[in-house]
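Listed below, chain by chain, are the residues.
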Amino acid sequence: SAHIRSATPEFPPGQDDPEYRRKAIEDKGLRGIRTYDITDIEKPQLLQEFSTGSTGNGTHMNFYDGGQYAFLDCGWDDQLRMENAQRAFSNGLMIVDMSDPANVKEVSRWWAPGQRFGEEEDYKKWIFANDQSSWTSAHGGPVVPKRIEDGGSLGYGGFGAFGMYVFDFSDIRHPKAIGQAHWEFEPMSDIPYHSLYPVITDEAHPKLRNIIFSTVECLYADGRAPYHTPHVVDVSDPRNPKIIGLFPRPKAPADAPYTDFAFARGRFGSHNPQAWMAPGRMRPEIAALTFFTAGLRIFDISEPTAPTEVAWYVPPHSGEMDDYESWWRGTAETVFIEWDRNLIWLGCHAGTYCLSSPVLGEPVLEPRKIERWSVPHVNVGWDG
């Protein structure tokens, strides 16, 4: 798999192409985040353009719940090492203070030992050192189920080939990784531990306490890489998180023109779970995951050691075969569930779909005031 290179036809060797790296370094766009005042929703006012650094990747998939701190999936310079060819550099974690949204300030940074050039002794310890395939980068800011300013201390972040980290943020200026989960059969060439979803459970589902499920992003189209399995992780002991369950592999419909999704056009593998912050009360036993070519798959995780598929929807493929960039990513990318209206919003390359399912219950199609959100602390002070 070291020969599976970039998905960009213009630069097949990816970061090994000097021109590719030069363009990545010299890009003059903002690398960072923008904050806005949306008091007038029709006229948002830009407050600040916060730069995370003049080189590197900037940010990708950040975590922010409206509190004091934002957790950025961030590449602040060109010295964060990346094995995979699709990016010239990798990302670490940057925490910023959002107390004054017009004056965002950096608080701290964290990266995996060996991730920066110059940390050669740590780099040589990696089992994937110099494999030219593994995703040696953060992917997504860690989810922090309880805000630090409210006495929380733990966060859960996906760091690709490094695994899933449990972070201790009790000293926000000196974050620490205190636990790590990594499946021993994790293959190269994709993004393990892409997105993490901490389940907020209730008395009816005691087995789901301290449970997280994790997706793996497939990077290569047309079955050119092994299938990767999303995981269920038990974080009861934050210093020793354990993988306790694997999601089943989606099966192609009987009437499909292929016997397996690996033979369908585009990528086959998981990508994003449903949004963690959403209207209504979270159904802890429901895990909705997008699977690119395999569409949307909904699982029941009541028994976390054995998730079962309970519903699916495969949208039409888009793109033209002679235009690689128009179809290689697959179809289904993101999913958002309105728990209070039993509606599923599916973001695809062919458009956005609004779906319902008996798994959730009868859909509510008329507008409805949001009474509460899925994450309890977000409801403090909420007046609709």
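Chemist: Where do I start with the overall build of the chain in this structure?
Modeler: If you tally the helices and strands in the chain, you get two helices and 19 strands. Over its C-alpha trace the chain gives a radius of gyration of 21 Å, about what one expects of a compact globule, namely 21 Å for 384 residues. The C-alpha extent of the chain, read off along each of the three principal axes, is 55 × 55 × 45 Å. Nonlocal contacts in the chain, meaning residues at least 24 apart in sequence, comprise 56% of its contacts between residues at least 6 apart. If you sum the accessible surface of the chain, you get close to 17400 Å²; carbon and sulfur atoms cover 51% of it.

Chemist: Quick question: what am I supposed to make of the sheet that holds strand E16 (residues 308-313) here?
Modeler: The strands making up a sheet associate through hydrogen bonds between their backbones, and the pairing can be parallel or antiparallel. As summarised here, the arrangement of the three strands in space is E14-E15-E16, forming an open sheet in which the pairing is antiparallel. Each edge of the sheet is formed by a strand with only one pairing partner; in this case those strands are strand E14 (286-290) and E16. Between one strand and the next, the sheet's axes are offset by a mean angle of 25°, whatever the strand orientation. Bridge count for strand E15 (residues 296-300) against E16 is five bridges, and the pairing is antiparallel.

Chemist: Would you explain the sheet that holds strand E3 (residues 58-59) in this entry?
Modeler: Spatial strand order, E3-E4-E5-E6: four strands in an open sheet with antiparallel pairing. Two strands lie at the open edges of the sheet, namely E3 and strand E6 (105-110), each paired on one side alone. In terms of strand pairing, E3 meets strand E4 (residues 69-75) through two bridges, oriented antiparallel. By the bridge assignment for E4, Thr 59 is matched with Cys 74.

Quick notes on the rules
Residues numbered from 1 in each chain as written. Predicted model: local features only at pLDDT ≥ 70, side-chain atom pairs only at ≥ 80, totals over all residues. Heavy atoms only, no water. Helix = DSSP H or I, 4+ residues; strand = E, 2+ residues; numbered from the N terminus. Rg over C-alpha atoms; globule rule 2.2 N^0.38 Å. Contact = heavy atoms within 4.5 Å. Areas by Shrake-Rupley, 256 points an atom, 1.4 Å probe, with all protein chains shown as cover. Pairing = 2+ DSSP bridges. Axes fitted to C-alpha atoms, helices over the stretch in contact; angles between N-to-C directions.

That is the geometry; function is a separate question.
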